[in-house]
Amino acid sequence: MCGIIGYVGPRPSQDILISGLARLEYRGYDSAGIAVIDGEGGLGTRKRAGKLQVLRDDLAAHPLADGTTGIGHTRWATHGGPTDANAHPHLADDDKLAVIHNGIIENFAELKSELVAEGYTFRSETDTEVAAVLLGREYQASGDLVEAFRATVSRLEGAFTLLALHRDQPGLVVGARRNSPLVIGLGDGENFLGSDVAAFVEHTRHALAIGQDEIVAITPQEVTVTDFSGDAVDVEPFEVVWDAAAADKGGWSSFMAKEVSEEPEAVANTIRGRVHDGLVQIPELDGLDELFTGIDRVIVIACGTAAYAGMVGKYALEQWARVPVDVELAHEFRYRDPVIGPRTLVVSISQSGETMDTLMAVKYAREAGAKTLSICNTQGATIPRESDAIVYTHAGPEVAVASTKAFVAQITALYLLALHVGRVRGALTDEAIAEQVAQLEAVPEKIARVLAGEQEHIEQFAHWMADTRSVIFLGRHVGYPIALEGALKLKEISYIHAEGFAAGELKHGPIALIEPGQPVFVMVPSPTSSPLLHAKVVSNIQEIRARGARIIAVAEEGDAAVLPFADEVLRIPLAEPLFEPLLAVVPLHIFAMGLATAKGLDVDQPRNLAKSVTVE
Ligand code: F6R
């Protein structure tokens, strides 16, 4: 939620800040702002409600004096609406100090009362300004920005990444983090801070991950990290594997279009390096067999699309590893006193690795003695750092708010994990693993076939459906989470009401929704590999067709049984049941995007949302 960047070095900072914010805009796009210590030692700020372009236009029309120390922010509003006044940076100490923030300061009201009683005044409704004023007060007392930061963060409760600079200390940006992300980019004679590596990947791929409750001070030549008590701490260096071009739109009309087109590579790259002689070997899990042998249950926790990937993964983990699996929404998990302990493996799934609901659930699970493994797409992110083991998805940077390529990568990682656990627990023979691996390895080419064969067709009928007010998605078995994902994607980017149901559940109530013309997408299982399920779903189609529904069937190539009852058929290549979700979801992603585009909506930045939900 909110993207943050800081820069110190020899170069004028405004362009660096603005282009970093452009890469972070997916984190929030209600308002944006920058603060720069100019060459004359003045502190200039500019902030505007609206997308980054509004700020850009403003800076072009009324340039701000440039300088080589600066911070920038792009906001997803929490406290106070998206106005110029509530946009960051917030100023204090007679406008000599600027602060930006990501997160929520839970005790801001009581701190504000304390400061108001001392005579301080406020210009915004934000919790951030309270931190800024507090920091200003501490700076007045010590004259040292790092010391003042230390005193300030010790008073704050909640989640925060804070960055600050002070006019009287040019060449210094100070940051602190608790339960919100912050990474350091190491340049040559210049250094960066960012909410994630996208902020600075065009300048450097050398990075340091900052731990919980740590303070960092960067100057052009030096990076110092201490804990909140002032003791030096070790920081973990890493090389960013993404290149800057991967986080650019290239020639695509939207990041989402680009990312859907990258679904084949997201699967292929997640498999790469983890299959040897037909068997799964996940280097990150070497020596960690006891995570999988000493357990009698797995709980998968995640939110939104990642949770649907988890639901698909449950089928594979149970079928291949013969271990019972529950899938839970992370935000529900820790509030119901779950029965977990050392014999539970909690698998978290998160593209960003920063989703607060998931992070808190992981911490809860660890404290309760469970083992934790995280499936994550973002290096240096918090959730993997809080887990006993990590399996990275290699989908590359996902910028569009709606998750697409990360979803197929998450399912792929779960399948690799299920095969690995199946071997470690002795539930699968090498031959059985090799058979499934061969199926998995065939998936990227099959997804590419769906994209090549169906994209135009789907975009065309999505266009015809631009006036639709409601869409239903049905699936059975692994098709059920795909129906949920199809509905979520449509709601999220086209603002059309959509619901996903287990096809068998329809007759227990939702069938009452069907009236003439109601569009219903149906995930049709393979007639070859799941004949029984196929027959049941074809019956479900007939039931709703008889009541006037307009059927859009996602069906295997050559499946003729659906033809008499379907208004549209979207074809996917033949695959074993467990691999169908990776193919069936592709037309649904294209459809959601096609419909939102037909309605003239911004598919990358849907209203009210942000990519990384770092508040609970
Ligand atoms: C939907 C979507 C969200 C995320 C969810 C979890 O398209 O993107 O539902 O899947 O917010 O995000 P991560 O995976 O970053 O934890």
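Residues numbered from 1 in each chain as written. Predicted model: local features only at pLDDT ≥ 70, side-chain atom pairs only at ≥ 80, totals over all residues. Heavy atoms only, no water.

1. Regarding a negative patch on the surface
Put simply, the rule reads: Nonpolar side chains (Val, Leu, Ile, Met, Phe, Trp, Tyr) are joined into patches within 5 Å and like charges within 9 Å, using only residues with over 30% relative accessible area and no salt bridge. For the area figures, the Shrake-Rupley method with a 1.4 Å probe applies, and any residue is considered shielded solely by the protein chains shown. The working definition used for a salt bridge is a side-chain nitrogen of Lys or Arg within 4 Å of a carboxyl oxygen of Asp or Glu. All tallies of charge rest on Lys and Arg as positive and Asp and Glu as negative; His and the ends of each chain are not included. Every charge is mapped onto a representative atom, which is NZ of Lys, CZ of Arg, CG of Asp or CD of Glu. Strands here are runs of E lasting at least two residues and helices are runs of H or I lasting at least four, both read from the DSSP assignment and numbered beginning at the N terminus.
Side chains of Asp430, Glu431, Glu435 and Glu576 sit close together on the surface and give a patch of like negative charge. Topologically, Glu576 is positioned in the loop between strand E26 (568–572) and helix H18 (580–598).

2. Considering the domain arrangement of the protein chain
Here is the rule we go by: Domains are outlined according to an automatic or database domain assignment. Accessible area, probed at 1.4 Å, shrinks when two parts are joined; the buried area is that loss added up over both. Nitrogen and oxygen atoms within 3.5 Å of one another constitute a polar contact, given that in protein one can donate a hydrogen and the other can accept it, and given that sequence-neighbouring residues count only through two side-chain atoms.
Structurally, the protein chain comprises domain 1 (3–246), domain 2 (249–441) and domain 3 (447–616). When each unit is reduced to the centre of its C-alpha atoms, the spacing between domain 1 and domain 3 is 43 Å. In this assembly, domain 1 packs against domain 3 so that about 950 Å² is buried in total across both faces, 52% of it on carbon and sulfur atoms. Looking at the side of domain 1 facing domain 3, the largest losses of area belong to Tyr26, Tyr29 and Trp76, adding up to 51% of the total buried there. Linking domain 1 to domain 3 there are one salt bridge. In this structure, the salt-bridge partner of Lys51 is Asp602, at a minimum N-O distance of 2.7 Å. In this assembly, domain 1 and domain 3 are joined by seven residue pairs in polar contact (both at pLDDT 80 or more).

3. Regarding the sheet that holds strand E25 (residues 550–556)
Here is the rule we go by: One bridge is not enough; two strands pair if DSSP finds at least two bridges between them. Note on geometry: axes are lines fitted to C-alpha atoms, helical ones only across the stretch in contact, with angles between N-to-C directions running from 0 to 180 degrees. Throughout, a residue-residue contact means that at least one pair of heavy atoms, one from each residue, lies within 4.5 Å.
Sheet architecture is open: five strands sit in the order E23-E22-E24-E25-E26, paired in parallel fashion. Only two strands of the sheet have a single neighbouring strand rather than two, namely strand E23 (497–502) and E26. When strand polarity is set aside, the average angle formed by the axes of neighbouring strands in this sheet is 20°. The sheet contact formed by strand E22 (residues 470–475) and E23 spans six bridges and is parallel. In the sheet register, Phe473 faces E23, and the bridge partner there is Gly500. Sheet strands in contact with helix H16 (residues 479–494) are E22, E23 and strand E24 (519–523), and its direction is about 175° off that of E23.

4. Focus on the site of the ligand
Under the convention used in this document: Residue proximity to a molecule or strand is established when one non-hydrogen atom of the residue lies within 4 Å of it. Each residue gets one of three labels, nonpolar for Ala, Val, Leu, Ile, Met, Phe, Trp, Tyr, Cys and Pro, charged for Asp, Glu, Lys and Arg, and polar for the others, Gly among them.
Residues in contact with the ligand amount to 14 residues; listed here are only the nearest, Ser350, Gln351, Ser352, Thr355 and Glu492. Take Ser352: an N or O atom from its side chain is 2.6 Å from an oxygen atom of the ligand. For the ligand, an oxygen atom lies 2.9 Å from a polar atom in the backbone of Ser403. Within the residue set of the shell around the ligand, elements represented by two or more residues are helix H9 (304–321) and H16. Here the residues of the shell around the ligand are counted per class, giving five nonpolar, seven polar and two charged. When residues of the shell around the ligand are assigned to domains, at least three fall in each of domain 2 (249–441) and domain 3 (447–616).

5. Here we look at the nonpolar core
For the record, the criterion: Put simply, a nonpolar core is a bunch of buried Ala, Val, Leu, Ile, Met, Phe, Trp, Tyr and Cys residues held in one set by side-chain atoms that sit within 4.5 Å of each other. Classification of residues uses two cut-offs on accessible area relative to the type maximum, computed with a 1.4 Å probe and protein chains only: under 20% is buried, over 50% is exposed, and between them is partly exposed.
Membership of the largest hydrophobic core comes to 99 residues, with the highest contact counts inside it found for Leu373, Tyr415, Phe473 and Phe521. Ranked by the residues each element gives to this core, the list is headed by helix H13 (residues 405–424), at 13 residues. Taken together, domain 2 (249–441) and domain 3 (447–616) each give at least three residues to this core, which thus spans both. Not counting the four nearest positions on each side in its chain, Phe521 is found in contact with Phe461, Val471, Ile472, Phe473, Leu474, Ile552, Val554, Leu570, Leu588 and Phe591. Ala131, Ala132, Ala148 and Phe228 belong to the second-largest nonpolar core, a separate cluster that totals 29 residues.

6. Comments concerning the pairing of strand E3 (residues 43–49)
Relative to E3, strand E2 (residues 31–37) is paired through seven bridges, and the arrangement is antiparallel. Considered in E3, the bridge of Ser31 is made with Ala49. Connecting E2 to the next strand, E3, in antiparallel fashion are five residues, including Gly41 with a positive phi near 85°.

7. As for helix H2 (residues 52–61)
So the rule is basically this: Here the arc refers to the set of directions running from the helix axis out to each C-beta atom.
Buried within H2 are the following residues: Leu52, Leu55, Asp58 and Leu59. The arc enclosing the buried residues of H2, seen along the axis, measures out at 125°, which places them on a common side. Residues of H2 that are exposed and point over 90 degrees away from its buried face: Ala60 and Ala61.

8. With respect to the sheet that holds strand E18 (residues 325–329)
By way of backbone hydrogen bonds, the strands of a sheet pair with one another, either parallel or antiparallel. Strand order across the open sheet formed by five strands is E18-E17-E19-E20-E21, with parallel pairing between neighbours. In this open sheet, the two edge strands, each paired with only one partner strand, are E18 and strand E21 (389–392). The sheet shows a mean angle of 20° between the axes of neighbouring strands, direction not considered. Inspection of the sheet shows strand E20 (residues 371–376) paired to E21 by four bridges, in the parallel sense. Bridging from a neighbouring strand, Cys376 pairs with Tyr392 of E21.

9. A few points about the pairing of strand E12 (residues 214–218)
Here E12 lies mainly inside the structure; five of its five residues are buried. Residues of E12 alternate between two faces, with Glu214, Val216 and Ile218 on one and Ile215 and Ala217 on the opposite face, all of them buried. The antiparallel hairpin formed by E12 and strand E13 (residues 223–227) contains four residues in its connecting segment.

10. Considering the environment of Trp320
Structurally, the position occupied by Trp320 is in helix H9. For Trp320, a relative accessible area of 3% puts it in the buried group. Linking Trp320 and Gly422, residues 102 residues apart in sequence, is a C-alpha distance of 5.4 Å. Those residues in contact with Trp320, other than ones at most four positions away along the chain, are Tyr415, Ala418, Leu419, Gly422, Ala427, Leu428, Gln436, Leu578 and Phe579.

11. Side note on the environment of Ser374
On the secondary structure map, Ser374 appears in strand E20. As for Ser374 and Ile349, which are separated by 25 residues in sequence, their C-alpha atoms are 5.9 Å apart. Among residues more than four places away in sequence, those in contact with Ser374 are Ser348, Ile383, Pro384, Ser387, Ala389, Ile390 and Val391.

12. Considering the packing of aromatic side chains
Formally: In this scheme Phe, Tyr and Trp rings, the latter by its six-membered ring, pair at centre separations within 6.5 Å, and the angle between planes marks the pair as stacked below 30 degrees, edge-to-face above 60, and tilted otherwise. Our definition puts a charge over a ring when NZ of Lys or CZ of Arg is within 6 Å of the ring centre and also within 35 degrees of the ring normal.
Evaluation of the coordinates by the stated rule reveals 11 aromatic pairs. Between the aromatic rings of Phe192 and Phe200, the centroid separation amounts to 6.0 Å while the plane-to-plane angle is 35°, which identifies the pairing as tilted. For the pair shown, Phe192 and Phe200 are each scored as buried. Among the aromatic side chains, those forming a connected cluster through ring pairs are Phe461, Phe473, Phe521 and Phe591. One residue, Lys112, lies across the ring of Phe122, its end atom 4.9 Å from the ring centre. Directly above the ring of Tyr495 sits Arg607, whose terminal nitrogen or CZ lies 3.9 Å from the centroid.

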